[in-house]
Amino acid sequence: MLTISPQAGTVIVVDVDTAESQIALADLTRRVIARETVNVRIDAGPQVVLDAVTQRLHGLLEKHRRAPGRVREVVVGLPGPVDFEQGCAVQPTGMPGWDGFPVADYLRERFHAPIVVDNDVNLMALGEAAQARLETPLLCIKIASGIGAGLITTSDDVYRGADGAAGDIGHIRAVSGSNVLCACGNVGCVGALASHRAVLRGLGIAESTAEDPLHGARELARRIAAGDPTALHAVRQAATEIGEVVAMLVHMFNPRTVVLAGPLSELRDDLVSAVRAAVYQRALPLATRKLTITATQLKGGSGLHGGIALATQDAFSPAGIARLLHEGR
Ligand SMILES: [Zn+2]
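About the cut-offs
Residues numbered from 1 in each chain as written. Predicted model: local features only at pLDDT ≥ 70, side-chain atom pairs only at ≥ 80, totals over all residues. Heavy atoms only, no water. Pairing = 2+ DSSP bridges. Helix = DSSP H or I, 4+ residues; strand = E, 2+ residues; numbered from the N terminus. Axes fitted to C-alpha atoms, helices over the stretch in contact; angles between N-to-C directions. Contact = heavy atoms within 4.5 Å. Patch = residues over 30% accessible without salt bridge, like charges linked within 9 Å, V, L, I, M, F, W, Y side chains within 5 Å. Areas by Shrake-Rupley, 256 points an atom, 1.4 Å probe, with all protein chains shown as cover. Salt bridge = Lys/Arg side-chain N within 4 Å of Asp/Glu carboxyl O. Buried < 20%, exposed > 50% of the residue type's maximum accessible area, 1.4 Å probe, protein only.

Draft legend 1. Structural detail: the sheet that holds strand β10 (residues 257-261). Spatial strand order, β9-β8-β10-β11: four strands in an open sheet with mixed pairing. Looking at the sheet topology across the chains shown, the edges are occupied by β9 (147-152) and β11 (292-295). On average, each strand axis in the sheet is tilted by 20° relative to the strand beside it, whichever way the strands run. In this sheet, β9 lies alongside strand β8 (residues 138-143) in antiparallel orientation, the contact comprising six bridges. If you follow C140 over to β9, its bridge partner there is G150. Most of the contacts of helix α7 (residues 229-253) go to β8, to which it runs at about 160°, and overall it touches β8, β9 and β10.

Draft legend 2. Region of interest: a nonpolar patch on the surface. Nonpolar side chains collect at one region of the surface, where I4, F316, I321 and L325 lie side by side and expose about 360 Å² of accessible area between them. With respect to the secondary-structure elements, L325 resides in helix α11 (residues 318-327). Using a relative accessible area of 69% as the deciding quantity, one classes L325 as exposed.

Draft legend 3. Here's a closer look at the sheet that holds strand β3 (residues 32-38). What the five strands build is an open sheet, ordered β3-β2-β1-β4-β7; its pairing is mixed. The sheet is open, and its two borders are formed by β3 and β7 (115-119), each paired with just one other strand. Shown here is a sheet whose adjacent strand axes are inclined to one another by a mean of 15°, direction ignored. On the sheet, helix α2 (residues 103-111) packs against β1 (10-16), β4 (71-78) and β7 and is oriented at approximately 145° with respect to β7.

As structure tokens, then:
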């Protein structure tokens with residue numbers, strides 16, 4: 001029997017998010033070797049974030065005795081629209097300095113390996129399908145500072161669309177017809193109305209404080225756990241708005257699984273059940289007969305696991321194998 005040697009190479013995943021970034025090393029069998037959080041805010045700009053992440057990764061490679069020359073692939077997830085071919089973000093909101101910054105080129109010089117830059121929700125969706133083994137087609141909805149979606153096809157591939165913009169659902173107009181102004185300049189976008197950030201703003205909770213970058217998420221979780229009716233109502237209201245959009249997507253893509261991820265999805269079952277209610281009320285029976293709507297199975301780790309899956313998929317693709325043979329290392 002042939003097996004893959006755990007020493008055959010290392011893949012690196014960087015999951016960049018608003019308040020902090022997560023990093024992981026794995027071997028080619030998808031076993032996680034190390035996983036850490038890097039406390040650097042995305043609005044510090046790409047160089048600051050990528051330098052902090054690179055330094056920690058080099059430290060981890062050394063600590064776990066993984067040869068830097070055997071890094072086979074680096075996958076980076078960014079919380080905004082990504083040009084997959086160029087390896088950069090395109091006009092992302094709340095990410096000053098990132099628009100068009102050549103993330104892939106910048107990291108290639110530091111790791112001398114193939115670099116893949118993707119939208120973070122695509123990686124999360126892949127993580128839920130590959131690691132949590134949820135059934136495909138799978139639609140993953142991330143509800144955080146904005147709202148985004150990732151779609152995994154029945155052949156376990158990410159559906160990115162013609163330009164990589166597939167799944168950028170945060171700017172779909174919400175059905176309630178609200179006139180809330182969105183960062184994109186339009187009014188009534190579902191992301192401006194029902195994201196985690198929008199719920200916090202509505203409740204007057206600061207998203208982060210000097211001491212705690214995740215203050216908002218913790219405070220909202222505390223209020224929900226304490227049964228604060230205003231907070232419960234705000235979350236259900238947001239879930240109903242999201243549910244209307246999900247119902248539309250269910251008709252469009254007929255997924256077998258819908259996964260809700262991000263800080264709101266980890267608050268009891270309120271969010272999931274309210275989204276379910278909206279979808280079942282709206283969608284036709286054939287589309288919902290075997291549909292599962294669930295919260296994330298990987299609690300904040302789906303992006304990392306998806307990145308590892310993407311990296312190994314790529315390393316063992318015909319082009320990846322050719323690269324390995326050519327390099328002979
Ligand atoms: Zn918008």
